[in-house]
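So you can see what is in the structure, the chains are spelled out below.
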Amino acid sequence: MRKRIEKLKDELVKRGLDAFLAVQNTRYLAGTTAAKAVIVPTEGSPLLICSRLEFDQAKRESWIRDVRAFSGWKAPLRRGERVIFCKPWQLVANCMQELDAQAVGYDHARREFIRKLRAAYTASYRELPELMLKLRKIKSREEVSLLRRSAKIATKGMRCAAESIAVGRTELEVAAEAEREMRMAGSEGTSFPTIVASGRNSWLPHASATRKRLRRWELVVVDLGAIYNGYTSDMTRTFALSPTKKQFTLIGLVRRAQKAAIGRVRNGAKTSDVDKAAREIISRAGYAKFSPHGTGHGVGIEVHEPPGLAPDSKDILCEGMVITVEPGIYVPRLGGARWEDMIFIKARGTRILTSLEEI
Ligand SMILES: [Mn+2]
């Protein structure tokens, strides 16, 4: 985590900034969910800003020693509690003043917050959301091991979903079984509401799970993810209940498209080429118009983060990235199919994190 701070500081120097105010990337920088903000000065140690009720947690969990808490109202304090009675932006303003920061970058904050901050302490504030995302694209060894654990939990959830799928069960029941399995395996939660989309729901790429019962001749798309130590996972499989030949072919097609795309994933490859590999196979089979989304995305503390893998993507894949490859085809009345795995890009070669055996 100290390394992240060092990398961030390099970026600040490059951009002529005196400090960075992280409001969205607090866990990434501080290692706790208790921080409301983290201030990283170009010179010196970072500061953690939290509310009074998060003070103990921040102290316990974060590696940052300088923890400053705010409370909107005056109240008696316990011994050893360091709280400043003010609004959060006033505390941030005080810190900026202390640091004598003239040029401040921030990841993302409500406009109202920045307006109040500016009124409390005059400086040039620049919104730079891409700065942190750029750092987050490349994962450290520690992050990769957390993502691997998260992916392993998702794989367990998927295996459980596969076993739960049966004619007569509801989508929600299957989702609940899979989520329970992931919880028991150590997941903090799901990285998004679990998708179990059957029959007419399967051709809606972002359908969630409903009380609809599974029936024969339906495709069932299951898309799920776990969270482990703040790191998300993302995995999709498509199941079939006595499929028709056409439905069976559709599943085979997304799998072939995924395989072709994964074949292009390597250090130095263009993200658009990976997308193209999948899209070509889908187009050749005549399904181009049924494949409306990109072929994948980066995964980390957020389930969707850069780089994106789409026809218009400009990114180059690099060693240390973790991405998904997930072509999908959605044909009204026939069914939807999507196949998704998480892939870690090494200096040479790749490693599939979600599953080694076939599900
Ligand atoms: Mn995904």
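In this text the structure is predicted, and so the values were computed from the model without any measurement. (Residues numbered from 1 in each chain as written. Predicted model: local features only at pLDDT ≥ 70, side-chain atom pairs only at ≥ 80, totals over all residues. Heavy atoms only, no water.)

Digging into the overall build of the protein
Here comes step 1: Helix and strand content of the protein: 10 helices and 19 strands.
Here comes step 2: Structurally, the protein occupies a C-alpha span of about 70 × 45 × 35 Å along its principal axes.
Here comes step 3: For the protein, the residues scored as buried account for 53% of the 359 residues in total.
Here comes step 4: Across the protein, every contact between residues at least 6 apart in sequence was considered, and the portion connecting residues at least 24 apart equals 61%.
Here comes step 5: Accessible area of the protein: about 17400 Å², with a carbon and sulfur share of 50%. (Helix = DSSP H or I, 4+ residues; strand = E, 2+ residues; numbered from the N terminus. Buried < 20%, exposed > 50% of the residue type's maximum accessible area, 1.4 Å probe, protein only. Contact = heavy atoms within 4.5 Å. Areas by Shrake-Rupley, 256 points an atom, 1.4 Å probe, with all protein chains shown as cover.)

Observations concerning the environment of isoleucine 323
Here comes step 1: Its location among the elements puts isoleucine 323 in strand 15 (residues 322–325).
Here comes step 2: Take isoleucine 323: its relative accessible area is 0%, and that puts it in the buried class.
Here comes step 3: For isoleucine 323, the residues in contact, after removing those within four places along its chain, are Val265, His297, Gly298, Val299, Pro307, Leu309, Leu317, Asp341, Met342, Ile343 and Ile345.

Examining the pattern of salt bridges
Pairing between side chains becomes possible if they bear opposite charge and their charged atoms approach one another.
Here comes step 1: All told, the structure shown has 26 salt bridges when counted by the stated rule.
Here comes step 2: The salt bridge involving glutamate 11 is made with lysine 14; its shortest N-O contact spans 3.3 Å. With glutamate 11 and lysine 14 both in helix 1 (residues 2–14), this residue pair falls 3 residues apart, about one helical turn.
Here comes step 3: In this structure glutamate 11 comes out as buried when scored by relative accessible area, which is 8%.
Here comes step 4: Here arginine 27 ties to glutamate 188 by a salt bridge, and the two come within 3.5 Å at their closest N and O atoms. With a gap of 161 residues between them, arginine 27 in helix 2 (residues 26–30) and glutamate 188 in the loop between helix 8 (171–184) and strand 8 (195–198) connect regions that are remote in the sequence.
Here comes step 5: Connected via shared salt-bridge partners are Glu11, Lys14, Arg15, Glu130 and Lys134. (Salt bridge = Lys/Arg side-chain N within 4 Å of Asp/Glu carboxyl O.)

As for the coordination of the manganese ion
Here comes step 1: Looking at the manganese ion, one finds its protein donor set to be Asp234 (OD), His297 (NE2), Glu326 (OE) and Glu340 (OE), positioned 2.0 to 2.3 Å from the metal centre.
Here comes step 2: If you list the donors of the manganese ion from N- to C-terminus, the spacing comes out as D-x62-H-x28-E-x13-E. With a gap of 14 residues between them, glutamate 326 in the loop between strand 15 and strand 16 (328–331) and glutamate 340 in the loop between strand 17 (335–338) and strand 18 (341–345) connect regions that are remote in the sequence.
Here comes step 3: Overall, the relative accessible area of 0% leaves glutamate 340 in the buried class. (Donors = N, O, S within 2.8 Å, 3.2 Å for Na, K, Ca; no water.)

Quick word on the packing of aromatic side chains
Here comes step 1: Counted under the stated rule, the structure contains 1 aromatic pair.
Here comes step 2: Look at tyrosine 287 and phenylalanine 290: their rings are 6.0 Å apart centre to centre, the planes differ by 55 degrees, and that puts the pair in the tilted class.
Here comes step 3: Directly above the aromatic system of tyrosine 28 lies the positively charged group of arginine 4, at a separation of 4.3 Å from the ring centroid.
Here comes step 4: Positioned above the aromatic ring of tryptophan 217, the side-chain terminus of arginine 216 is 4.8 Å from the ring centre. (Phe/Tyr/Trp six-rings, centres within 6.5 Å; stacked < 30°, edge-to-face > 60°. Lys NZ or Arg CZ within 6 Å of the ring centre and 35° of its normal.)

Remarks on the sheet that holds strand 5 (residues 83–85)
In a beta sheet, neighbouring strands pair by backbone hydrogen bonds and run either parallel or antiparallel.
Here comes step 1: Read across the open sheet, the 7 strands follow the order 5-4-3-2-1-6-7; overall the sheet is mixed. Looking along the sheet, the strands with just one partner apiece sit at the ends: strand 5 and strand 7 (124–127). The mean angle between the axes of side-by-side strands here comes to 25 degrees, regardless of whether they run parallel or antiparallel.
Here comes step 2: Here 4 bridges tie strand 6 (residues 103–106) to strand 7, and the two strands are oriented parallel to one another. Directly across from tyrosine 106, in strand 7, lies its bridge partner glutamate 127.
Here comes step 3: Strands strand 1 (19–22), strand 2 (37–41), strand 3 (47–51), strand 4 (66–71), strand 5 and strand 6 of the sheet are contacted by helix 4 (residues 88–99), whose axis makes an angle of about 145 degrees with strand 4. (Pairing = 2+ DSSP bridges. Axes fitted to C-alpha atoms, helices over the stretch in contact; angles between N-to-C directions.)

As for the pairing of strand 3
Here comes step 1: A large share of strand 3 lies buried, amounting to 5 of its 5 residues.
Here comes step 2: By the alternation rule, side chains of strand 3 split into Leu47, Ile49 and Ser51 and Leu48 and Cys50, which are all buried.
Here comes step 3: The hairpin formed by strand 2 and strand 3 contains 5 residues between the paired strands, and glycine 44 there has a positive phi angle of roughly 100 degrees.

Here we look at the domain arrangement of the protein
Here comes step 1: What the domain assignment reports for the protein is domain 1 (2–135) and domain 2 (141–352).
Here comes step 2: Computed over C-alpha atoms, the centres of domain 1 and domain 2 are 36 Å apart.
Here comes step 3: Of the residues lining the interface, 5 residues belong to domain 1; the matching set on domain 2 comes to 8 residues.
Here comes step 4: A combined buried area of about 500 Å² lies between domain 1 and domain 2, and 53% of that area is made up of carbon and sulfur atoms.
Here comes step 5: Contact with domain 2 buries area across many residues of domain 1, yet Arg27, Tyr28 and Leu133 alone supply 75% of it, more than any other trio.
Here comes step 6: Here domain 1 and domain 2 share 2 salt bridges between them.
Here comes step 7: For the pair domain 1 and domain 2, the number of links is 1 residue pair in polar contact (both at pLDDT 80 or more). (Domains from an automatic or database assignment. Buried area = accessible area lost by both parts, 1.4 Å probe. Polar contact = N/O pair within 3.5 Å; in protein donor to acceptor, adjacent residues only side chain to side chain.)

Concerning the packing of helix 1 against helix 6 (residues 129–137)
Here comes step 1: Where helix 1 contacts helix 6, the two axes come as close as 11 Å, and the packing angle between them is 140 degrees. By the criterion of interaxial angle, the relationship of helix 1 to helix 6 is oblique. For the element pair helix 1 and helix 6, the recorded crossing hand is right-handed. Contact with helix 1, carried on its side by Arg4, Lys7, Leu8, Glu11 and Lys14, involves Leu131, Met132, Lys134 and Leu135 of helix 6 and no other residues of that element.
Here comes step 2: For the contact of helix 1 with helix 6, the per-class residue count stands at 4 nonpolar, no polar and 5 charged. (Parallel < 35°, antiparallel > 145°, perpendicular 65-115°, else oblique. Left-handed = near helix turned anticlockwise from the far one by under 90°. Nonpolar A, V, L, I, M, F, W, Y, C, P; charged D, E, K, R; others polar.)

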